[in-house]
Amino acid sequence: MRRLALVALGVVGLSAVVCGGGFLALSHLDLAALATRKLTKATGRTVHVGSAHVSPGRWLTLDVDDLSIANIPNGSRPEMITLGHLHTQVRLMSLLHGPAETRDLVLTRFSGLFERTADRTPNWRFGAPSRPDRKPEAKKETAADWNWFPGIRQATIKDSEIIYRSANGHAYRTTLDTVTLSSTSDSSPFEMTVAGGYNDTPIALTAHLGPLTILRQAGKLYPTNLHVSSGDLTLDLDGAMTDLFDFDGIDGKLTLRTPTSAPLMAIAGANPDSFSMVLNLEGHFTHKGDVWTMTRTTGLLRDNPIENADITFTEGKSGSPDEITGNMAFAKLDLNGLQSASQSSPKSGQHVTDIPLVAPARPDPLFDVHLSARSVRYNNLVFSDASLAASQQPGRINISSLQLGWMKASLHASGEIATHPRGSSLHATVDVSKADIDTFRRQAGLAPVPVSGSLSFRVKASADGVSTLNEASRNADIQAVVGMNSGLISKEVIGIASTNIGTLFGTMKGTTPVTCLLGALKMSRGEGAVVPLRIYTPAGSIVGEALFDLNRRWFELAFQSRGAAALALDIPIRVSGPFNSPSIGLAGWSARGRALLKDAQSINTLPTEMASFTPGRACLSVMK
């Protein structure tokens, strides 16, 4: 809008200067040739003026037809500016003392192309040929000077357009089907209506603005009330700004509502149906220079209430990406509803939510954000008190902190997503504490187990060449350790494991405390081992090793017990075979069983990556 105002008013001003000296004698002549020479000299470009007429009077009448100003060499079209017709009246005395006062201004079929060529030369600098911009343009520190802005009593712009084209060839087109500007005097409110569009998306704007006398005072807040609509989208801004035509120095309340988000997607150049959901936002909005902020923001994203958000968007300098920083807190966050179904199970027909893992090599914008929610749903999982701190840099997304409450347990994680030749790579560390065994058992739909208490976990996972979170969870290489320092276990289980003859007579009843429980797992592509695997209790102890293949649903377990009871035979046991029908035998009768038992008894350390894990650590001592 700023460039349109400058060009349109410049045409009026230049034409008035051209004709002002002798308009009384030349009122019936076509001054196109004179106007062409003056404009050519002023712009340093080839100019064409079809006709230009000035009629004298207390109100000077100006008519210009078929005006064009050439583009710079290597521009995307021959003309930078074309104008079908300009008609206006200028109060004669206002030309002497300024600012000019106009009425009945009509501008039709205006087309302005503002672009940078491939070598970043801007076409909007007139005079001597522009040089390519090798450095970013510095933002002006001083407020815009609109002291010259004319008094506009009534103005209409029809069938016009403004196009911005970037150095990489992206074009952004604003259409101005009908624009009206009006004020009864310079000290009365200034009104504006716009019916047009942006990149073929219809947009309507109504603006109730302060008097032009305030607009002309550099740096002074200019009262601004805007209402914008596009399809089902409405946006209202009630506040003030220091630069109307640069939309700068804004400070006010902003409200945005859309039941589908389709207009937002269309304006952004995306498929309008690619993100269909309710979006409501209300907060304090500011814009100064490169920085845009929304603070104290509340709203709704689909059916997820936003309790508070503070977001800052900083425009990148030339050739640099934009940046988004801030935080957003939800009352609840249903990820299943936010994402379109990515998979469908042919048997159940249920949709599966999945999160893409993408770390662009040249991201734009960069982000550094903190998200939180009192409740999060992901597929069938429900988490509480969730928080996420994440940042994006070229080729990498860093998850510095992820915290969740899950089935009475606390989960803390960190990791990173990085660019990989076959997609992305994921590396993560997860710590879980206070995981109640019975709660997890009931969530999994399992029968009661003979062990109770709270477990702690540490998991390190890495996956290369993956595209989604679910794919990474299936194909990751995993190192994990689980431990417990206190709990209870059935005495009967210890008796069976130690082949205690007392179990035949029912003497192994009740529970015994768990002194420690420890298991370390290593898995790659579904195949892995658990060693050491140990449970120490006053009633007896168990040491073992397990091998498994999740792809074949097969496992092998060998364990040795040390029973405290005199009737314990402590016979080594080997269990192996498919998950659903394993066979049981004596571990000592096979070389395989004896090898497993040897590893189980000799490995008394955790992997280096897990060395700082402390729960269950007492189980690393040699079983006696």
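Bear in mind that the values here come from a model prediction, so they are computed numbers and not experimental data.

Draft legend 1. Structural view of the overall build of the protein. Broken down by element type, the protein carries ten helices and 35 strands. The buried share of the protein, taken over its 624 residues, is 43%. Long-range contacts, defined as pairs at least 24 residues apart, comprise 49% of the intrachain contacts of the protein with a sequence gap of at least 6.

Draft legend 2. Fine view of the side chain of glutamate 161. Along the polypeptide, glutamate 161 turns up in strand E7 (residues 154-165). Since its relative accessible area comes to 15%, glutamate 161 is described here as buried. Within polar-contact distance, the side chain of glutamate 161 engages the side chain of serine 111 at 2.7 Å. With sequence-adjacent residues up to four places away left out, glutamate 161 is seen in contact with Arg77, Phe110, Ser111, Gly112, Arg173, Thr174, Thr175 and Leu176.

Draft legend 3. Just the pairing of strand E14 (residues 279-288), in detail. Sheet analysis places strand E13 (residues 250-258) next to E14, joined by nine bridges and oriented antiparallel. Along E14, the bridge assignment pairs threonine 258 with leucine 279. As paired strands, E14 and strand E15 (residues 291-301) are joined by nine bridges and run antiparallel to one another. The residue bridging asparagine 280 from the neighbouring strand is leucine 300, located in E15. Between E14 and E15, which follow one another and run antiparallel, lie two residues, and glycine 289 among them has a positive phi close to 65 degrees.

Draft legend 4. A look at the pattern of salt bridges. Summed over all chains, the structure comprises 17 salt bridges. Here aspartate 186 makes a salt bridge to arginine 216, at a shortest N to O gap of 2.9 Å. A residue pair is termed long-range when its members are at least 10 positions apart, and aspartate 186 in the loop between strand E8 (171-182) and strand E9 (190-198) and arginine 216 in the loop between helix H4 (212-215) and strand E11 (222-230) qualify at 30 residues. With a relative accessible area of 21%, aspartate 186 lands in the partly exposed category.

Draft legend 5. Structural view of the packing of aromatic side chains. Counting across every chain of the model gives six aromatic pairs. Look at phenylalanine 383 and tryptophan 406: their rings are 5.9 Å apart centre to centre, the planes differ by 50 degrees, and that puts the pair in the tilted class. Of this pair, phenylalanine 383 sits in strand E22 (residues 381-393) while tryptophan 406 is found in strand E23 (residues 396-406), placing the two residues 23 residues apart along the sequence. On the accessibility criterion, tryptophan 406 (22% relative accessible area) is partly exposed. When the ring of tryptophan 406 is compared with that of phenylalanine 440, the centres are 5.2 Å apart and the planes differ by 70 degrees; the resulting orientation is edge-to-face. Here tryptophan 406, found in strand E23, pairs with phenylalanine 440, found in helix H7 (residues 437-444); they are 34 residues apart in sequence, far enough to count as distant. These aromatic residues form a ring-pair network of at least three members: Phe247, Phe285 and Trp292. A cation sits over an aromatic face here: arginine 103 above tryptophan 59, 4.0 Å from the ring centre.

Draft legend 6. Looking closely at unusual backbone geometry. Omega for the bond connecting aspartate 364 with proline 365 falls within 30 degrees of zero, at 15 degrees, which places this linkage in the cis form. Mapped onto the fold, proline 365 is located in the loop between strand E20 (351-352) and strand E21 (366-378). The amide bond that connects valine 531 to the next residue, proline 532, takes the cis arrangement and shows omega of 0 degrees. When you line up the elements, proline 532 lands in strand E31 (residues 527-537). Positioned with a positive phi, methionine 407 is a non-glycine residue whose angle comes to about 50 degrees. One non-glycine residue, arginine 553, lies in positive phi territory at about 55 degrees.

Draft legend 7. Geometry of the confidence of the model for the protein. On average, residues of the protein score 84 in pLDDT, and 85% of them are at 70 or above. Scored below 50 in pLDDT, residues 341-349 shows 13 contacts in the model against residues more than four places distant or in partner chains. Counting contacts from residues 564-569, a segment whose pLDDT is below 50, to residues more than four positions away or on other chains yields 15 contacts.

Draft legend 8. Spotlight on the nonpolar core. If you look at the biggest cluster of nonpolar residues, it comprises 81 residues, and the most contacted ones within it are Val49, Leu209, Leu215 and Tyr222. Beyond its immediate chain neighbours, meaning those up to four positions away, valine 49 contacts Ala32, Ala35, Thr36, Leu39, Val64, Asp65, Asp66 and Leu67. Leu357, Ala359, Met523 and Val530 belong to the second-largest nonpolar core, a separate cluster that totals 22 residues.

Draft legend 9. Here's a closer look at the pairing of E9. Examined bridge by bridge, E8 and E9 share eight bridges and lie antiparallel to one another. What sits directly across from threonine 180, in E9, is threonine 193. Pairing geometry for E9 and strand E10 (residues 201-209), over nine bridges, is antiparallel. Bridging across to E10, valine 194 finds its partner in leucine 205. Where E9 folds back onto E10 in an antiparallel hairpin, the turn is made up of two residues, including asparagine 199, whose phi is positive at roughly 50 degrees.

Draft legend 10. Structural detail: helix H2 (residues 32-43). Spanning twelve residues, H2 covers 16 Å between terminal C-alpha atoms, matching the ideal 16 Å at 1.5 Å per step. Following H2 by one or two positions, glycine 44 has its phi on the positive side, about 70 degrees.

Draft legend 11. Local environment of helix H10 (residues 591-602). For H10, which comprises twelve residues, the first-to-last C-alpha distance of 16 Å matches the rise-based estimate of 16 Å (1.5 Å per residue) to within 8%. Restricting attention to buried positions, one finds in H10 the residues Gly593, Leu596, Leu597 and Ala600. Each buried residue of H10 sits inside an arc of 100 degrees when the element is viewed along its axis, so together they form one side. Residues of H10 that are exposed and point more than 90 degrees away from the buried face comprise Ala591 and Lys598.

Draft legend 12. Region of the structure containing the environment of alanine 52. Secondary-structure assignment places alanine 52 in strand E1 (residues 47-55). You can call alanine 52 buried: its relative accessible area is 3%. If we ignore the near neighbours within four places in the chain, the residues touching alanine 52 are Leu29, Asp30, Leu31, Ala32, Ala35, Asp63 and Val64.

Draft legend 13. Geometry of the state of the cysteines. Inspection of every chain in the model, using the stated rule, returns one disulfide. Here cysteine 516 is linked by a disulfide to cysteine 619, with a sulfur-sulfur distance of 2.0 Å. With the S-S bond torsion at 105 degrees, the cross-link from cysteine 516 to cysteine 619 turns out right-handed. Of this pair, cysteine 516 sits in strand E30 (residues 516-524) while cysteine 619 sits in the segment after H10, and the two are 103 residues apart along the sequence. Exposure remark for cysteine 619: the relative accessible area of 0% places this residue in the buried category.

Draft legend 14. Looking closely at the environment of methionine 523. With respect to the helices, strands and loops of the structure, methionine 523 is situated in strand E30. For the pair methionine 523 and alanine 480, spaced 43 residues apart in sequence, the C-alpha to C-alpha distance is 8.6 Å.

So, how was this worked out
- Residues numbered from 1 in each chain as written.
- Predicted model: local features only at pLDDT ≥ 70, side-chain atom pairs only at ≥ 80, totals over all residues.
- Heavy atoms only, no water.
- Helix = DSSP H or I, 4+ residues; strand = E, 2+ residues; numbered from the N terminus.
- Buried < 20%, exposed > 50% of the residue type's maximum accessible area, 1.4 Å probe, protein only.
- Contact = heavy atoms within 4.5 Å.
- Polar contact = N/O pair within 3.5 Å; in protein donor to acceptor, adjacent residues only side chain to side chain.
- Pairing = 2+ DSSP bridges.
- Salt bridge = Lys/Arg side-chain N within 4 Å of Asp/Glu carboxyl O.
- Phe/Tyr/Trp six-rings, centres within 6.5 Å; stacked < 30°, edge-to-face > 60°.
- Lys NZ or Arg CZ within 6 Å of the ring centre and 35° of its normal.
- pLDDT = per-residue confidence, 0-100.
- Core = buried A, V, L, I, M, F, W, Y, C linked by side-chain atoms within 4.5 Å.
- Expected span 1.5 Å × (residues − 1).
- Arc of directions from axis to C-beta.
- Disulfide = S-S within 2.5 Å.

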